[in-house]
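The primary structure of each chain is shown beneath.
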Amino acid sequence: MKNVSTSLEITLKQVQKTFSDGTLALKPLDLHIEKGEILVLLGPSGCGKTTTLRLIAGLEFCDQGGEIHFGERDVTQIAIEQRRVGMVFQSYALFPNMNVSDNIAYGLRVRGESKVNKDKKVQEMLDMFDLQAYAHRSIDQLSGGQRQRVALARAIITEPEVLLLDEPLSALDALLKKRLRTDINALLKRLGITAVYVTHDQEEAMAMGDRIAILDHGEIVQIGTAEDIYLSPKSEFVANFIGQMNHFDGQLQGRNLSFGTHFLPLSAALYEPYSEGERLRCMSRPEDIRLMTVEDASVKGAVSQSVFLGDRTRVLVEVEGQNNLIHVDCFERKRYAKGDRVGLIIPSTRLVLLPTQQRESAIC
Ligand code: ATP
């Protein structure tokens, strides 16, 4: 199977979903997904990821006034059978009474495809997913990873305009997950399929998505590439959802950030948006902070804990005047013991500053 030329862009305009019991699962949402793009929906349980996916699939319909378009086609009122979507679920949803080939061929059989065409396409899928050896096995004789490959083959064989994946890897072990997410990403890119991928696993989201949309309480709170979101989170919620972040309270004093008894000089880009004396929430990633000898440092603290993690050592530091422990990732093979006095270099170029009010509204 070559590039899936039928792949389409997806547009959601003011799409809102209220369930019959009055639950507002999705606030009015505008979203554009490019042709061939993999968009990941990421967020905590109950934030509306699956609802968004089901609305795109046509398994649910949005409230009055919302619109969903596949390319030029308005599919808002169109049932799932006419939407040409492929779906892959965490639970595989395979037919246990059929063998692997018959499961993969299912969509083509329903569509009434000729036997010759059907057999040819099934062979292609078996090759593509490395399932030749299992063609005649029943589903219950397969491992989790093999089942998920059958589910993907079954979804892709019909050449859907849009592929929707709902936590497809969450039932698999960590190693297999890593391998399959790389395989799936490469495959979708090779076929040029527009895909929406739901997960609550941040690493999977970063590995899989061209862009990631972070949802919270039924709305997208930030959308962008993994780099955008990781390096420039627009709220504490987003900062905490992708990677780990240190938080501390500070105040703008001239061109410096003061926190506790410490001062950090800021670049113009960081201090200019704020006014003198403004209270700020400051964030810095553990891998951006460095430890140094205590004598020369302006920020000082004591090691509370040190954990060897193989590629780095995570050191937790009690910084004078701060309530939170600061997490620091050290990549040089140096040992730290509880109570060691250390200095911290917190590069202001990698700091993220937010006004304190935004923190409160982002958290509520
Ligand atoms: P998870 O990661 O746990 O699967 P999610 O982000 O996919 O969560 P959704 O399944 O989209 O979340 O649910 C969003 C909200 O809508 C939740 O509050 C959920 O309880 C509610 N909800 C989902 N389906 C229904 C339904 N059929 N009737 C009423 N409320 C529903």
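Residues numbered from 1 in each chain as written. Predicted model: local features only at pLDDT ≥ 70, side-chain atom pairs only at ≥ 80, totals over all residues.

Undergrad: Any chance you could explain the overall build of the protein chain here in plain terms?
TA: Broken down by element type, the protein chain carries 10 helices and 20 strands. By its C-alpha atoms, the protein chain is 80 × 50 × 35 Å across when sized along the principal axes. (Helix = DSSP H or I, 4+ residues; strand = E, 2+ residues; numbered from the N terminus.)

Undergrad: Is there a simple way to explain the sheet that holds strand E11 (residues 246-253) in this structure?
TA: Consider a sheet: its strands pair through backbone hydrogen bonds, and that pairing is either parallel or antiparallel. Ordered in space as E13-E12-E11-E14-E20, the 5 strands form an open sheet in which the pairing is antiparallel. Of all strands in the sheet, those with a lone pairing partner are strand E13 (262-265) and strand E20 (352-355), marking the two edges. Across this sheet, the average inter-strand angle for adjacent strands is 40°, counted without regard to direction. As paired strands, strand E12 (residues 256-259) and E13 are joined by 4 bridges and run antiparallel to one another. By the bridge assignment, Leu257 is partnered in E13 with Leu264. (Pairing = 2+ DSSP bridges. Axes fitted to C-alpha atoms, helices over the stretch in contact; angles between N-to-C directions.)

Undergrad: How should I be thinking about the packing of helix H2 (residues 100-111) against helix H3 (residues 115-128) in this particular structure?
TA: H3 packs onto H2 with a crossing angle of 130° between their chain directions and a minimal axis gap of 10 Å. With respect to H3, the element H2 is oriented oblique. Crossing hand, H2 versus H3: right-handed. Residue-level inspection shows Ser101, Ile104, Ala105, Leu108 and Arg109 of H2 in contact with H3, the latter providing Lys118, Lys121, Val122 and Met125. In terms of residue class, the contact of H2 with H3 is built from 5 nonpolar, 1 polar and 3 charged. (Parallel < 35°, antiparallel > 145°, perpendicular 65-115°, else oblique. Left-handed = near helix turned anticlockwise from the far one by under 90°. Contact = placed C-beta atoms within 7 Å. Nonpolar A, V, L, I, M, F, W, Y, C, P; charged D, E, K, R; others polar.)

Undergrad: Would you mind showing me how to read the site of the ligand here?
TA: Close to the ligand lie 13 residues, the nearest being Phe19, Ala25, Ser45, Thr50 and Thr51. Considering every element that reaches the shell around the ligand, the biggest residue donor is helix H1 (residues 49-57), with 3 residues. Taken together, the residues of the shell around the ligand break down into 3 nonpolar, 8 polar and 2 charged. (Near = placed C-beta within 6 Å.)

Undergrad: Can you help me understand the nonpolar core in this one?
TA: The tendency in soluble globular proteins is for nonpolar side chains to be buried as a group. By size, the foremost hydrophobic cluster in this structure holds 92 residues, and its most contacted members are Val40, Ala153, Leu163, Leu164, Val196 and Leu344. The element that contributes the greatest number of residues to this core is helix H4 (residues 144-156), accounting for 6 residues. Contact partners of Leu164, with chain neighbours within four places excluded, come to Leu53, Ile56, Ala57, Val85, Met87 and Val196. (Core = buried A, V, L, I, M, F, W, Y, C linked by C-beta atoms within 7 Å. Buried ≥ 20, exposed ≤ 12 C-beta atoms within 10 Å, placed from the backbone.)

Undergrad: For this particular structure, what's the right way to read unusual backbone geometry?
TA: Note on backbone geometry: most residues besides glycine have negative phi, and most peptide bonds are trans. The backbone of Glu159 shows a phi angle near 50°, a positive value even though the residue is not glycine. Relative to the assigned elements, Glu159 resides in the loop between H4 and strand E7 (162-166). If you check the backbone angles, His217 has positive phi at about 45° while not being a glycine. Mapped onto the elements, His217 comes out in the loop between strand E9 (211-216) and strand E10 (219-224).

Undergrad: Explain the domain arrangement of the protein chain here, please?
TA: Interface size, as often reported, equals the accessible area lost upon joining of the parts. Along its sequence, the protein chain is carved into domain 1 (10-239) and domain 2 (244-363). For domain 1 versus domain 2, the separation of C-alpha centres amounts to 39 Å. (Domains from an automatic or database assignment.)

Undergrad: How should the sheet that holds strand E1 (residues 10-18) be read in this particular structure?
TA: Read from one edge of the open sheet, 4 strands run E2-E1-E4-E5, paired in antiparallel fashion. The two strands at the open ends of the sheet, each matched to only one other strand, are strand E2 (24-33) and strand E5 (73-74). Bridging between E1 and strand E4 (residues 67-70) involves 4 bridges; their strand directions are antiparallel. Within E4, the residue paired with Lys13 across the bridge is Glu67. Relative to the sheet, H1 contacts E1, E2 and E4, its axis offset from that of E1 by approximately 120°.

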